[in-house]
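Structural description and commentary
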Amino acid sequence: MPLTATEPSSQLRCISCGATPESAGQDFRCSNCGDLLEFVFPGRTTDPQTLKSLWLGRKTSNHQLDQSGVWRFREILPHIPEEHAITLREGNTPLYELPRCARIAGVDSLRAKHQGMNPTASFKDTGMTFAASSAHQQGFRWVACASTGNTSASMAAYAARGNMRSLVMIPEGKISWGKLSQSLDYGALTCQLRTDFDGCVRILNELVRRKPVYLLNSVNPYRIEGQKTAAVELLEQLGWEVPDHIIVPGGNLGNSSAIGKALLEMLELKLIPRLPRLSIIQAQGANPFYRSVREFNGTKLESMTADTQATAIRIGNPASWKKALRVLRETGGEVEQVTELEIAEAKAEIGADGVGCEPASAVTLAGLKKLRHRGFVKPAESVILILTGHVLKDPDFTIKFHRGDLFTGTSSEAEAARARHLQRAPVVLDADLGAVIASLEAAERAGS
Ligand code: F0G
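So, here is what we can say about the structure in this document.

Conventions we followed
- Residues numbered from 1 in each chain as written.
- Predicted model: local features only at pLDDT ≥ 70, side-chain atom pairs only at ≥ 80, totals over all residues.
- Heavy atoms only, no water.
- Helix = DSSP H or I, 4+ residues; strand = E, 2+ residues; numbered from the N terminus.
- Rg over C-alpha atoms; globule rule 2.2 N^0.38 Å.
- Buried < 20%, exposed > 50% of the residue type's maximum accessible area, 1.4 Å probe, protein only.
- Contact = heavy atoms within 4.5 Å.
- Areas by Shrake-Rupley, 256 points an atom, 1.4 Å probe, with all protein chains shown as cover.
- Lys, Arg positive; Asp, Glu negative; His and termini not counted.
- Charge placed at Lys NZ, Arg CZ, Asp CG, Glu CD.
- Pairing = 2+ DSSP bridges.
- Axes fitted to C-alpha atoms, helices over the stretch in contact; angles between N-to-C directions.
- Salt bridge = Lys/Arg side-chain N within 4 Å of Asp/Glu carboxyl O.
- Near = heavy atom within 4 Å.
- Polar contact = N/O pair within 3.5 Å; in protein donor to acceptor, adjacent residues only side chain to side chain.
- Nonpolar A, V, L, I, M, F, W, Y, C, P; charged D, E, K, R; others polar.
- Right-handed = clockwise from strand over helix to strand, strands pointing away.
- Patch = residues over 30% accessible without salt bridge, like charges linked within 9 Å, V, L, I, M, F, W, Y side chains within 5 Å.

What follows is about the overall build of the chain. Counting secondary structure elements, the chain contains 15 helices and twelve strands. Its C-alpha atoms give the chain a radius of gyration of 22 Å, within 12% of the compact-globule value 22 Å for 448 residues. Residues classed as buried in the chain amount to 57% of the 448 residues present. Sequence-distant contacts in the chain: of pairs separated by 6 or more residues, those separated by 24 or more amount to 70%. Surface accessibility of the chain: about 18,800 Å² in total, with carbon and sulfur atoms responsible for 50%. Of the side-chain charges in the chain, 51 are positive and 48 negative, and the distance between the mean point of each set is 3 Å.

Now the structure itself:
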């Protein structure tokens, strides 16, 4: 089996008017109608069995592209020559059983694909390796993004690896310290703007028209292509057995679009015989997509001022909502919204399974409980949660929750008492053996 097969020829196409430009402009928008572009692969045919064994065979290869959980699947991606590939061996993320969460949610079995186990600790790396490589191929010196923290951390790392400079725009005071510290350490020029994420996006869009910087937000279709591979890797891990449900958090809606695109392409390539349902969960305080689907039947999206302690998804005007709507419809998925308290509880429950994740990822479990309650998910159906960020991304949130401070002064303060059984505040003791033993015995008496 050869290690490199020929990648398919790809084409850019506008998702609304169908125009097929030769190349994309700096803003990655259609020059006819202003909507988003996507990659299509006209006339692509492959033998599914050959592809599956080619990809599996690469797992034992020492070649840098084969060791990446993104580039290993390069036959379904646009072609980027290897000399431009910037890789940190991203992807290759684990699939975990969540037995306690399964019991809580009322399903027989529940698994999580943990995309927080990527090199910069979020799912963004799978798209970033590919889009940063495209920037390198096109000879850009500067790359830039607006971010709630994870895209910027990822971009800064990949830019540094590819000897490019990076410009980060983040909302001041509204991202976690962990994420901010990453972009500083990886050497980005980090601008904290006195606005929200959506305000950062507006400035970035103006900037790319004025300066030769390469836009690395998920409107960049290379990002979506790289992020597709998470779903392919998931199906491979499942032995190509299609799960009934995949549940993802929804912010700017690039991830759901990418996973959905991968599912549709895998069906077309006969890698899978049917589609799972892809459901998208938003925080109630940042729910423009939920409202678009539920209130306007997807005919329009009303932007909003978003507010949630899950800062990664504090987004009021999601760029990829039309792409996400398409995959929601085509896979027969659902949308849900979850409250701040439901997010915090679900995060602690995922933690108690020994896995953990950042707050935005926990909306998946909180959403599953609601989908199960409504009967959309049945007890015997197989469910995969996509956890998007690592538990260490936002320790402030975690510590506040366990100390019982997360909801102090908010409208959820009284209701938050119901989460007490999940809280494990640290115990401060004298350095005395007797005190530690007394604590141990008290914990044993209190049960789990
Ligand atoms: N989960 C995490 C941990 C995220 O960082 C994000 C988005 C999402 C979920 C939502 O994914 O936007 O593709 O729907 N973070 C972006 C950022 C916006 O700038 O890091 P999405």
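Turning our attention to the sheet that holds strand S7 (residues 189–193). Taking strand neighbours across the sheet as the criterion, the four strands line up as S7-S6-S5-S8 in an open arrangement whose pairing is parallel. In this open sheet, the two strands that pair with only one neighbour each are S7 and strand S8 (213–215). Mean inter-strand twist for the sheet, computed between neighbouring axes without regard to direction, equals 25 degrees. In terms of strand pairing, strand S5 (residues 142–146) meets S8 through three bridges, oriented parallel. Its bridge partner being in S8, Trp142 is matched across the sheet by Val213. Packing of helix H5 (residues 150–161) onto the sheet brings it into contact with S5 and strand S6 (165–171), and relative to S6 it is tilted by some 170 degrees.

Moving on, we get to the pattern of salt bridges. All chains considered together, the criterion is met by 30 salt bridges. A salt bridge links Glu38 to Arg326; the shortest N-O distance between them is 3.4 Å. With Glu38 in strand S2 (residues 37–40) and Arg326 in helix H11 (residues 321–331), the pair connects residues that are 288 residues apart, well separated along the chain. On the accessibility criterion, Arg326 (36% relative accessible area) is partly exposed. Its salt-bridge partner being Arg58, residue Asp66 comes within 3.5 Å of it at the nearest N-O pair. Pair check on accessibility: Asp66 and Arg58 agree, each one buried. Taken together, the shared-partner salt bridges connect Arg44, Glu225, Lys228, Lys261 and Glu265 into one network.

What follows covers the site of the ligand. Inspection of the region around the ligand gives 20 residues, with Ser147, Asn252, Leu253, Asn255 and Thr388 positioned closest. In this structure, Ser147 approaches the ligand through a side-chain N or O atom, which is 2.7 Å from an oxygen atom. With respect to the ligand, the side chain of Asn150 contributes an N or O atom lying 2.8 Å from an oxygen atom. Contact with the protein chains covers 98% of the free accessible surface of the ligand, which is 470 Å². Every element with two or more residues in the shell around the ligand is listed here: H5 and helix H9 (254–268). Residue classes in the shell around the ligand are distributed as seven nonpolar, eleven polar and two charged.

Right, let's get into the pairing of S5. Taking burial as the measure, the five residues of S5 include five buried ones, the bulk of the element. This β-α-β element, S5 to H5 to S6, shows right-handed connectivity.

Before going further, it helps to spend a moment on a nonpolar patch on the surface. A cluster of nonpolar residues, Val427, Leu429 and Val436, forms a patch on the protein surface that exposes about 260 Å² of accessible area. Structurally, the position occupied by Val427 is in the loop between helix H14 (395–403) and helix H15 (433–446). For Val427, a relative accessible area of 58% corresponds to the exposed category.

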